[in-house]
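Single-letter residue listing:
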Amino acid sequence: MSQTADRSSQDVPLRGGPVSPRRLLGALREVTLAAMHAHTPTEVALVAATQVCQLMECDEAVVRWWNAERASLELLADTRPDRTGRAGDLASGEGAVGLAFSTAAPVIVEDYAHWEHRVSSSIAVGSGVAVPLVIQDSPAGALAIYSRESRSYKETDVQLLALFADQVAPVFEAALLRIASQRATRRADATDRQLRDMLDAALDAHVVMDAEGRITRWNAQAEAMFGWRHDEIVGKELAATLIPPELRDAHRKGLAHYLKTGEGPILRRRVEVEAVRKNGMSFPVEITVAPIGTTEGPAFSAFLRDISERHQVEQQLRRLAMHDALTGLPNRLLLYDRAEQSFANAQRTKSSVALLLMDLDGFKDINDAYGHHVGDILLQEVSVRLREGLRGSDTVARLGGDEFAVLLPDTDLPGALAAAKTLRSSLDAPLTIEGVRMPVGSSVGIAVFPAHGDDPLTLLRRADIAMYVAKRRGTGVALYEEGSDLEGAARLGLASDLREALDRGELLLYYQPVIDLTTKRVCMMEALARWDHPRLGLVSPTEFIPLAERSGVMPQLSSWALKTALTKAREWQTRGISIAVNMAVSDLSDTTFPDRVRAAVVEAGVPPAVLHLEVTESGVMSEPERILTSLERLRDIGVQLAIDDFGTGSSSLAYLHRLPIQACKIDRSFIRRLTSQASSVAIVRATIELAHALELRVIAEGVEDAETLEVLRGMGCDLAQGYFISEAIPDHATEAWMAESSWMGARS
């Protein structure tokens with residue numbers, strides 16, 4: 001989760017305005033070039049720190065890398081000349097940089113003077129942002145920028161810094177490996193200068209050529225490198241054997257020029273050239289040529305080193321900077337670069353370019369249920385299907401997570417809509433991974449150049465807005481509509497608005513009745529949070545709960561929900577109605593949460609058993625042992641505990657038996673198909689029998705008709721909720737509903 005220190009100063013935007021993709025790409029190219037030629041890791045890191053300072057227009061930047069042997073974050077680069085007070089090595093979790101590394105998430109400090117965490121050293125800065133450097137989903141270091149003044153950072157600033165970090169992390173890793181390899185080679189090659197010179201001669205191919213260009217000496221390494229035996233090559237012309245045909249005339253002219261003038265542009269220098277093996281295959285070599293005197297006249301000594309492997313590393317570095325490591329697709333940077341080229345061509349030809357943004361529906365559920373390795377396989381399979389339905393000139397890029405972008409040059413609106421339909425159709429056939437059939441749905445947003453924007457960032461943002469509309473409307477595909485930026489921009493500000501929402505009274509609780517299937521009477525109300533945003537209206541908890549967890553607001557939000565719900569429980573106590581409140585995974589990971597629950601129950605003056613706390617099955621399995629400890633502490637308080645969305649996670653029966661719970665809630669996806677699919681009937685029946693065997697009560701959610709309710713009663717289900725009974729009711733309307741509803745007094 002990202003962490004932000006409170007402050008009262010106003011936002012300080014980037015002084016130069018939005019950063020263009022070309023500037024960002026240029027900065028990353030500088031880092032990549034440094035990585036290819038640097039002799040120390042600090043040289044690469046210092047280029048990165050300097051480039052990010054220029055890119056973000058900040059005062060300072062720091063790069064740190066994790067040293068596993070020392071268990072510390074080593075300082076690779078610091079742009080501040082005077083480093084007095086700056087820590088050398090940091091522990092994981094220490095300061096903003098250590099916290100970004102340990103949590104693998106951005107850390108925003110808007111005012112160091114009032115930051116709640118311990119600062120690693122006495123640094124004279126007012127604010128900063130630290131982001132992790134991630135290699136294959138694991139943090140390997142951290143990058144931080146600092147400003148001398150206290151300021152807040154826009155979400156787009158943080159996203160830009162994170163994007164820069166995502167691209168330079170694999171470049172750092174490759175550079176560190178290359179430098180370490182070179183150092184190891186140098187240590188093995190020599191213990192002193194004389195020995196190193198001798199080993200250089202032995203390890204490199206050594207060739208001596210006379211004034212006529214004939215080879216006179218040829219060592220064993222030259223035999224291994226070129227494939228010619230000593231007796232085969234000596235006496236042959238070097239140009240005719242080792243130099244590619246297209247360069248032979250130039251070599252002969254250069255030799256003649258030196259013999260005539262004493263001038264040779266490549267002499268006594270290391271240069272890279274192409275050479276030819278005996279089998280005719282060309283390869284790159286690094287060559288150093290020096291003139292020598294012999295009794296027979298002038299000659300030339302050359303040391304040659306095969307640099308094919310180095311070229312491969314350099315090519316890999318270039319590829320890492322421009323491609324997604326998991327799928328091999330172009331990444332965001334390469335997409336931006338190709339988009340700019342397509343836009344320039346479209347301007348010349350008066351044509352259009354379409355940009356599609358797609359994400360996968362339900363991908364998080366697949367990750368939670370089957371694990372990230374299955375999610376990775378799914379993304380790889382999806383990338384293959386998306387590429388198959390496109391032209392050679394089109395680009396499919398993975399932007400991160402389950403988001404893909406598709407660039408369609410020379411494509412108008414009808415063509416974009418047809419392409420979107422084709423892409424979605426390519427995912428219609430379910431994927432089978434590890435024996436499990438997984439249907440994959442998608443939502444696509446479309447924006448078109450130049451009608452909807454004239455730069456990649458604007459077009460991508462508007463395609464993102466259109467994709468959100470497609471999700472909300474359930475249409476699968478949506479075109480960007482003029483004016484919808486206002487809603488999109490407002491949603492980008494949700495994270496900063498959420499902190500103030502509690503104080504302003506914008507957060508509300510709705511209550512959905514839960515009935516006892518034996519008495520057909522309301523026995524519990526489930527409290528459901530809603531946010532009445534002043535501009536956006538009601539915001540779904542699926543949007544603001546993740547924001548609360550990322551921004552560190554979750555403890556305040558859960559405490560407010562508990563206090564408010566328990567106040568209602570006290571009013572309903574005489575009616576025999578309990579209250580159910582959902583817990584976030586971050587609540588159960590917080591060691592202070594059980595104490596906050598105890599305090600809320602005592603303050604409300606109700607028996608602990610009136611409170612029912614629910615947590616999802618996938619949430620429990622995210623940190624099973626830690627969450628088990630928290631649940632046991634809650635059980636000791638006397639509150640009731642339930643597993644929500646049961647049947648969609650991956651918990652084992654052995655683990656489920658260990659949980660101190662009293663109820664499980666069957667996921668609505670099974671309940672909705674109860675009267676139409678035999679498989680759902682079998683699953684629900686088996687779940688009820690299993691739960692009862694474990695002495696658990698069973699709650700069915702998503703009951704939408706009388707037939708489903710009666711089927712559940714016949715199966716022995718204990719409790720039920722859903723639209724057939726009632727939708728969630730605003731707080732102010734609960735008394736009126738209770739006065740009128742037959743569910744408040746019915747008896748079977």
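Here, the structure is the one placed above.
My aim in this report is to walk through the structure given alongside it, one point at a time. Keep in mind that this is a model prediction, so the values were computed, not measured. (Residues numbered from 1 in each chain as written. Predicted model: local features only at pLDDT ≥ 70, side-chain atom pairs only at ≥ 80, totals over all residues. Heavy atoms only, no water.)

Side note on the overall build of the chain
Then, number 1: Scanning the chain from N- to C-terminus turns up 28 helices and 29 strands.
Then, number 2: In the chain, which comprises 748 residues, the share counted as buried stands at 49%.
Then, number 3: As presented, the chain carries roughly 35,200 Å² of accessible surface, and 52% of it is formed by carbon and sulfur atoms. (Helix = DSSP H or I, 4+ residues; strand = E, 2+ residues; numbered from the N terminus. Buried < 20%, exposed > 50% of the residue type's maximum accessible area, 1.4 Å probe, protein only. Areas by Shrake-Rupley, 256 points an atom, 1.4 Å probe, with all protein chains shown as cover.)

Points about helix α9 (residues 248-261)
Then, number 1: Between the first and last C-alpha of α9 there are 20 Å, a value that for 14 residues agrees with the 20 Å anticipated at 1.5 Å per step.
Then, number 2: Remark: glycine 262 follows α9 within two positions and exhibits a positive phi of approximately 80 degrees. (Expected span 1.5 Å × (residues − 1).)

Topic: the side chain of threonine 734
Then, number 1: Relative to the helices and strands, threonine 734 is located in helix α28 (residues 734-740).
Then, number 2: A relative accessible area of 0% means that threonine 734 is categorised as buried.
Then, number 3: Sequence-distant contacts of threonine 734, that is, excluding residues within four places in its chain, are made with Tyr511, Lys568, Trp572 and Ile729. (Contact = heavy atoms within 4.5 Å.)

Structural notes on the pattern of salt bridges
Then, number 1: Per the counting criterion, the structure on display carries 30 salt bridges.
Then, number 2: For the salt bridge of arginine 229 with glutamate 232, the shortest nitrogen-to-oxygen distance reads 3.4 Å.
Then, number 3: Ionic contacts of the salt-bridge type, sharing partners, join the residues Arg229, Asp231, Glu232 and Lys278 into one network. (Salt bridge = Lys/Arg side-chain N within 4 Å of Asp/Glu carboxyl O.)

Focus: the pairing of strand β9 (residues 215-218)
Every regular strand shows the same layout, with side chains that alternate between the two sheet faces.
Then, number 1: Relative to β9, strand β8 (residues 205-210) is paired through 3 bridges, and the arrangement is antiparallel. Across the sheet, the residue bridging to valine 207 is tryptophan 218, located in β9.
Then, number 2: What sits between the antiparallel neighbours β8 and β9 is a turn of 4 residues, in which glycine 213 has the positive phi angle 85 degrees. (Pairing = 2+ DSSP bridges.)

Side note on the packing of aromatic side chains
Then, number 1: In the structure shown here, the tally under the stated rule is 10 aromatic pairs.
Then, number 2: With centroids separated by 5.9 Å and ring planes inclined at 80 degrees, the aromatic side chains of tryptophan 65 and phenylalanine 172 adopt a geometry described as edge-to-face. Taken together, the positions of tryptophan 65 in strand β2 (residues 60-67) and phenylalanine 172 in helix α4 (residues 155-189) put the pair 107 residues apart, joining distant regions of the chain.
Then, number 3: Among the residues examined, tryptophan 65 registers a relative accessible area of 14% and is labelled buried.
Then, number 4: In this arrangement the basic side chain of arginine 277 is found over the ring face of phenylalanine 283, its NZ or CZ atom lying 3.7 Å from the centre.
Then, number 5: The residue whose ring lies beneath lysine 278 is tryptophan 228, and the NZ or CZ to ring-centre distance is 5.4 Å. (Phe/Tyr/Trp six-rings, centres within 6.5 Å; stacked < 30°, edge-to-face > 60°. Lys NZ or Arg CZ within 6 Å of the ring centre and 35° of its normal.)

Points about the nonpolar core
Then, number 1: Of all hydrophobic cores here, the largest spans 76 residues; its most connected members are Leu611, Leu613 and Leu634.
Then, number 2: Per-element tally for this core: the top contributor is helix α19 (residues 554-572), with 7 residues.
Then, number 3: In contact with leucine 611, other than residues within four places in its own chain, are Leu562, Leu566, Ile579, Val581, Val597, Val601, Val639 and Gln640.
Then, number 4: Within the second largest apolar cluster, 44 residues are counted, among which are Val52, Leu55, Leu76 and Val171. (Core = buried A, V, L, I, M, F, W, Y, C linked by side-chain atoms within 4.5 Å.)

Points about helix α3 (residues 95-103)
Then, number 1: Of all the 9 residues making up α3, 7 are buried; the element is thus mostly covered by neighbouring parts of the structure.
Then, number 2: Buried within α3 are the following residues: Gly95, Ala96, Val97, Gly98, Leu99, Ala100 and Phe101.
Then, number 3: Of the residues trailing α3, alanine 104 is marked for its positive phi of about 55 degrees.

What about the packing of helix α1 (residues 21-37) against helix α2 (residues 41-56)?
Then, number 1: Running from amino to carboxyl end, α1 crosses α2 at an angle of 170 degrees, the nearest separation of the two axes being 8 Å. Regarding the angle of α1 to α2, the classification is roughly antiparallel. Contact residues: α1 offers Arg23, Leu24, Ala27, Glu30, Val31, Ala34 and Ala35, while α2 offers Val44, Val47, Ala48, Gln51, Gln54 and Leu55.
Then, number 2: Taken together, the residues that form the contact of α1 with α2 break down as 9 nonpolar, 2 polar and 2 charged. (Axes fitted to C-alpha atoms, helices over the stretch in contact; angles between N-to-C directions. Parallel < 35°, antiparallel > 145°, perpendicular 65-115°, else oblique. Nonpolar A, V, L, I, M, F, W, Y, C, P; charged D, E, K, R; others polar.)

What about unusual backbone geometry?
Glycine aside, residues mostly have negative phi, and peptide bonds are mostly found in the trans state.
Then, number 1: With an omega dihedral of 0 degrees, the bond running from phenylalanine 449 to proline 450 counts as a cis peptide bond.
Then, number 2: Mapping proline 450 onto the fold places it in the loop between β18 (441-449) and α15 (456-473).
Then, number 3: Positive phi is not limited to glycine here, since lysine 350 has a value of about 60 degrees.
Then, number 4: The class of lysine 350 is exposed, set by a relative accessible area of 77%.
Then, number 5: Look at lysine 520: it is not a glycine, yet its phi comes out positive at around 55 degrees.
Then, number 6: Positionally, lysine 520 belongs in the loop between β20 (507-516) and β21 (521-533).

Side note on the pairing of β18
Then, number 1: Of all 9 residues in β18, 8 are buried, a share of seventy percent or more.
Then, number 2: Taken together, the 3 bridges between β18 and strand β19 (residues 477-479) define a ladder with parallel strand orientation. When the bridges of β19 are listed, glycine 445 appears paired with alanine 478.
Then, number 3: You can see the chain leave β18, run along α15 and come back into β19, and the turn it takes is left-handed. (Right-handed = clockwise from strand over helix to strand, strands pointing away.)

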